[in-house]
Amino acid sequence: MNAQPDKIETADTEPVQPAATPAPEARPPRGRRRALMISVPLLLALAGAGAWLFGGRYISTDNAYIHQPMTAISADVSGRVSDVLVTENEQVTAGTPLFRLDPADYKIALSTADAQLAAARLAVEQQRAAYQTAQAQLQAAQNIEDVKSRELKRQQELTDRGIGTQVALDEAMIAFRSAANAVTLAQREVDAAATALGGDPQVETDALPSVRAALAARESAARHLEQTEITAATGAPSTRSKA
């Protein structure tokens, strides 16, 4: 006989409730979301900038000093340094005298240039005197020529009238020609004297080429003498000297 399986009795249990579905989270307002989208990248950018500015760009130490690079200064003229007008680490500005060169040679050169200028001006005055002398000689030769011309004319009239002799006429002719030649030579002397004065006897002395050359040489010598005092470059920033 088949045995019937025993019925399994189960303890009374509470019915299982289905799991509750979580309620959807409330979304933040649209303006707040936009503010977050802008503020977060901005904060990151500010953090990066702060790290770049203060995160190693500058080195701090308790044992530091400032180094000023040295600037080489040279003179336009050569010479021996006779005086140093600044001390080491002295504050100097543009135009401050730094040192002087020995000016002895340049003083001699300036004196020589002054003498050459005076000689050039004296030579011009001598040329003016020569021109005036040549003019006086020309005037005298022209006066003699006039006298000889009148004598020749008189002798020619006497000869034509049968009173004068041919010898006297020939002598008058020779004298007149000699006087005319003297006038020609005197005129050439005047022209030469005028040429020495640049073709213009009334020109100013300092306008003549020889005097202008002497003036230029004198100005150059004076400039070299002035440059024996070496100063800081004009317009340069203030700096400290290194004697």
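As a reminder, the structure under discussion sits directly above these lines.
Being a predicted model, the structure only gives us computed values, none of them experimental.

This part is about the overall build of the protein. The helix and strand tally for the protein stands at four helices and five strands. Reading the protein from its N end, one meets helices and strands in the order α-β-β-β-α-α-α-β-β. Classification of the 243 residues of the protein by burial places 18% in the buried group. For the protein, the exposed area adds up to about 19,300 Å²; of that, 55% sits on carbon and sulfur atoms.

Let us look at the packing of helix α2 (residues 104-161) against helix α4 (residues 209-226). Close contact between α2 and α4 brings their axes to 8 Å; oriented N to C, the two are set at 165 degrees. Considering the angle they form, α2 stands roughly antiparallel to α4. Where α2 crosses over α4, the two elements pack in a sense that is left-handed. Residues Tyr-106, Lys-107, Ala-109, Leu-110, Ala-113, Asp-114, Gln-116, Leu-117, Ala-120, Arg-121 and Val-124 of α2 form the contact with α4, whose participating residues are Ser-210, Val-211, Ala-214, Leu-215, Ala-217, Arg-218, Ala-221, Ala-222, His-224 and Leu-225. For the contact of α2 with α4, the class distribution of residues is 14 nonpolar, three polar and four charged.

With that out of the way, let us pick up the pattern of salt bridges. Within the structure shown, the criterion is met by five salt bridges. Where Asp-206 meets Arg-121, a salt bridge forms, and the shortest distance between an N and an O atom there is 3.0 Å. Here Arg-121 lies in helix α2 and Asp-206 lies in the loop between α3 (166-196) and α4, a separation of 85 residues in the sequence. In this structure, Glu-125 and Arg-128 form a salt bridge, with 3.9 Å as the shortest nitrogen-oxygen distance. You can see Glu-125 and its partner Arg-128 sitting in helix α2, three residues apart, about one turn around the helix. Taking relative accessible area as the criterion, Glu-125 reaches 41% and is therefore assigned partly exposed.

Bringing the side chain of Thr-205 into the picture now. In this structure, Thr-205 sits in the loop between α3 and α4. On the basis of relative accessibility, which here comes to 17%, the residue Thr-205 falls in the buried class.

All right, on to α4 then. Taking 1.5 Å of rise per residue, the 18 residues of α4 would be expected to cover 26 Å, and the 26 Å separating its terminal C-alpha atoms lies within 8% of that figure. Those residues of α4 that fall on the buried side of the exposure criterion are Val-211, Ala-214 and Ala-221. What you see down the axis of α4 is that its buried residues fit within an arc of 85 degrees, all on one side. What points out from α4, more than 90 degrees from its buried face, is the exposed set Pro-209, Arg-212, Glu-219 and Glu-226. Buried residues in α4 make contact with α2.

One broad trend across soluble globular proteins is that nonpolar side chains are buried collectively. Counting residues in hydrophobic clusters, the biggest one holds 17 residues, and the most contacted among them are Val-124, Tyr-131, Leu-138, Val-190, Leu-197, Leu-208 and Val-211. Counting only elements with at least two residues in this core, the list comes to α2, α3 and α4. At seven residues, α2 tops the list of elements feeding residues into this core. The next biggest cluster of nonpolar side chains, apart from the first, holds seven residues, and it includes Val-77, Val-86, Leu-101 and Tyr-106.

As a further point, take the packing of α2 against α3. Running from N to C, α2 and α3 point in directions that differ by 160 degrees, and their axes come no closer than 7 Å. Here α2 lies roughly antiparallel to α3, going by the angle between them. The way α2 lies across α3 gives a crossing that is left-handed. Among the residues making up the contact of α2 with α3, the classes are represented as 22 nonpolar, ten polar and four charged.

The next subject is α3. Here α3 is 31 residues long and its end C-alpha atoms lie 46 Å apart, about the 45 Å a rise of 1.5 Å per residue gives. Listed in full, the buried residues belonging to α3 are Leu-169, Ala-172, Ala-179, Ala-180, Val-183, Ala-186, Val-190, Ala-193 and Ala-194. On its buried face, α3 sits against α2. Trailing α3 by a residue or two, Gly-198 shows a phi angle of about 75 degrees, which is positive.

A grouping of Leu-42, Leu-43 and Leu-46 is seen on the molecular surface, where their side chains present a nonpolar patch of about 320 Å² in accessible area. Residue placement: Leu-46 occurs in helix α1 (residues 30-54).

What counts and how
- Residues numbered from 1 in each chain as written.
- Predicted model: local features only at pLDDT ≥ 70, side-chain atom pairs only at ≥ 80, totals over all residues.
- Heavy atoms only, no water.
- Helix = DSSP H or I, 4+ residues; strand = E, 2+ residues; numbered from the N terminus.
- Buried < 20%, exposed > 50% of the residue type's maximum accessible area, 1.4 Å probe, protein only.
- Areas by Shrake-Rupley, 256 points an atom, 1.4 Å probe, with all protein chains shown as cover.
- Axes fitted to C-alpha atoms, helices over the stretch in contact; angles between N-to-C directions.
- Parallel < 35°, antiparallel > 145°, perpendicular 65-115°, else oblique.
- Left-handed = near helix turned anticlockwise from the far one by under 90°.
- Contact = heavy atoms within 4.5 Å.
- Nonpolar A, V, L, I, M, F, W, Y, C, P; charged D, E, K, R; others polar.
- Salt bridge = Lys/Arg side-chain N within 4 Å of Asp/Glu carboxyl O.
- Expected span 1.5 Å × (residues − 1).
- Arc of directions from axis to C-beta.
- Core = buried A, V, L, I, M, F, W, Y, C linked by side-chain atoms within 4.5 Å.
- Patch = residues over 30% accessible without salt bridge, like charges linked within 9 Å, V, L, I, M, F, W, Y side chains within 5 Å.

Structural measurements only, silent on function.
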